[in-house]
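Each chain, letter by letter, is given below.
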Amino acid sequence: VLGTCVALLTYGMDLLVEAMWASLHWVFEQEGERGWLFVFACTTALRFSFVTAAVAMTWYIAPQAAGSGIPELKAILAGGVNLRGYLSLRTLIVKCLALSASLGSGLPVGKEGPFIFISSCVA
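All values derive from a computational prediction rather than experimental measurement.

J.: Any chance you could break down the environment of valine 94 for me, citing the residues and the numbers?
T.: Along the chain, valine 94 turns up in helix α5 (residues 89–105). Distance from valine 94 to alanine 56, taken between C-alpha atoms, is 10.0 Å for residues 38 residues apart in sequence. Setting aside anything within four residues of it in sequence, one finds valine 94 in contact with Met57, Thr58, Ile61, Ala62 and Ala65.

The following block contains the structure:
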């Protein structure tokens with residue numbers, strides 16, 4: 001059941017990233033009609049807005065979603081450490097949306113660490 005839930009969540013995140021890349025691809029198709037300066041400005045604005053959305057969600061809504069989450073999970077599993085609100089639903093949602101926005105912007109972000117955290121939140 002856990003694997004199915006995480007797989008469906010991953011599929012939804014991939015669809016969101018693909019939609020972001022589709023918007024960037026649409027901008028690239030406009031080069032012939034509108035010129036390279038339009039493409040450069042729109043691409044930069046879109047990528048900047050994706051990154052800004054990811055940072056704003058993490059900063060204001062769930063600061064626990066910052067980073068990969070693996071060191072915190074090690075501390076929780078080792079015992080004795082109680083990180084309040086760390087594995088909450090709010091943190092899970094922000095982590096999924098912020099990771100999707102970061103990947104959609106083109107940042108070289110690895111998915112492995114955050115997916116370990118996401119699986120722990122779902123469990």
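J.: An account of the pattern of salt bridges is requested, with residue identities and associated values reported.
T.: Any two side chains of opposite charge can pair, on the condition that their charged atoms come close. If you walk through the whole model with that rule in mind, you get one salt bridge. Lysine 111 is the salt-bridge partner of aspartate 14, the closest N and O atoms lying 3.1 Å from each other. Pair noted here: aspartate 14 is in helix α1 (residues 2–29) and lysine 111 is in the loop between α5 and α6 (112–122), with a separation of 97 residues, a long-range link. Residue classification places aspartate 14 among the partly exposed residues on the basis of a relative accessible area of 33%.

J.: Requested: an account of helix α3 (residues 36–61), with residues and values cited.
T.: Taking 1.5 Å per residue as the helical rise, α3 with its 26 residues ought to reach 38 Å, and the 37 Å between its terminal C-alpha atoms agrees with that figure. For α3, every residue scored as buried is listed here: Val39, Thr43, Phe50, Ala54, Met57 and Thr58. The inward-facing, buried residues of α3 contact α1, α2 (31–34) and α5.

J.: Explain the side chain of serine 105 to me, using residue names and the numbers behind them.
T.: Assignment of secondary structure puts serine 105 in helix α5. Within the structure, the side chain of serine 105 is placed 2.7 Å from the backbone oxygen of serine 102, a separation counted as a polar contact. Excluding residues within four positions of it along the chain, serine 105 makes contact with Arg47, Phe50 and Val51.

J.: With reference to specific residues and values, describe the nonpolar core.
T.: Core analysis: the largest hydrophobic core is formed by twelve residues, namely Met13, Val17, Leu73, Tyr86, Leu92, Cys96, Leu99, Leu103, Phe115, Phe117, Ile118 and Cys121. At the level of elements, α1, α5 and α6 are the ones that each hand at least two residues to this core. Apart from the residues within four sequence positions on either side, methionine 13 is in contact with Cys96, Leu99, Ser100, Phe115 and Ile118. Among the nonpolar cores identified, the runner-up in size contains nine residues, and Phe50, Ala54, Ala65 and Ala101 belong to it.

J.: Help me get a handle on the packing of aromatic side chains, residues and values and all.
T.: In this description, an aromatic ring pair is defined by two values, namely the gap between the centres and the angle between the planes. Going through the model one piece at a time under the given rule, you end up with one aromatic pair. Summarising the aromatic geometry, the rings of tyrosine 86 and phenylalanine 117 are spaced 5.0 Å apart at their centres and angled 75° between planes, so their arrangement reads as edge-to-face. On the criterion of sequence distance, the pair formed by tyrosine 86 in the loop between α4 (70–78) and α5 and phenylalanine 117 in helix α6 is long-range, its members being 31 residues apart. Comparing tyrosine 86 with phenylalanine 117 shows no difference in burial state: the two are buried. The ring of phenylalanine 38 carries the charged tip of arginine 34 above its face, separated from the ring centre by 4.9 Å. Across from the ring centre of phenylalanine 117, 5.1 Å away, lies the NZ or CZ of lysine 95, which sits over that ring.

J.: Give me the lowdown on the packing of α1 against α6, citing residues and values where you can.
T.: Contact pair α1 / α6: the axes reach a minimum separation of 10 Å and the direction vectors enclose 130°. Taken together, the axis directions place α1 and α6 in an arrangement best described as oblique. Between α1 and α6 the crossing geometry is right-handed. Taking contact as the criterion, the partners of Leu2, Cys5, Val6, Leu9, Thr10 and Met13 in α1 are, on α6, Phe115, Ile118, Ser119 and Val122.

What counts and what doesn't
Residues numbered from 1 in each chain as written. Predicted model: local features only at pLDDT ≥ 70, side-chain atom pairs only at ≥ 80, totals over all residues. Heavy atoms only, no water. Helix = DSSP H or I, 4+ residues; strand = E, 2+ residues; numbered from the N terminus. Contact = heavy atoms within 4.5 Å. Salt bridge = Lys/Arg side-chain N within 4 Å of Asp/Glu carboxyl O. Buried < 20%, exposed > 50% of the residue type's maximum accessible area, 1.4 Å probe, protein only. Expected span 1.5 Å × (residues − 1). Polar contact = N/O pair within 3.5 Å; in protein donor to acceptor, adjacent residues only side chain to side chain. Core = buried A, V, L, I, M, F, W, Y, C linked by side-chain atoms within 4.5 Å. Phe/Tyr/Trp six-rings, centres within 6.5 Å; stacked < 30°, edge-to-face > 60°. Lys NZ or Arg CZ within 6 Å of the ring centre and 35° of its normal. Axes fitted to C-alpha atoms, helices over the stretch in contact; angles between N-to-C directions. Parallel < 35°, antiparallel > 145°, perpendicular 65-115°, else oblique. Left-handed = near helix turned anticlockwise from the far one by under 90°.

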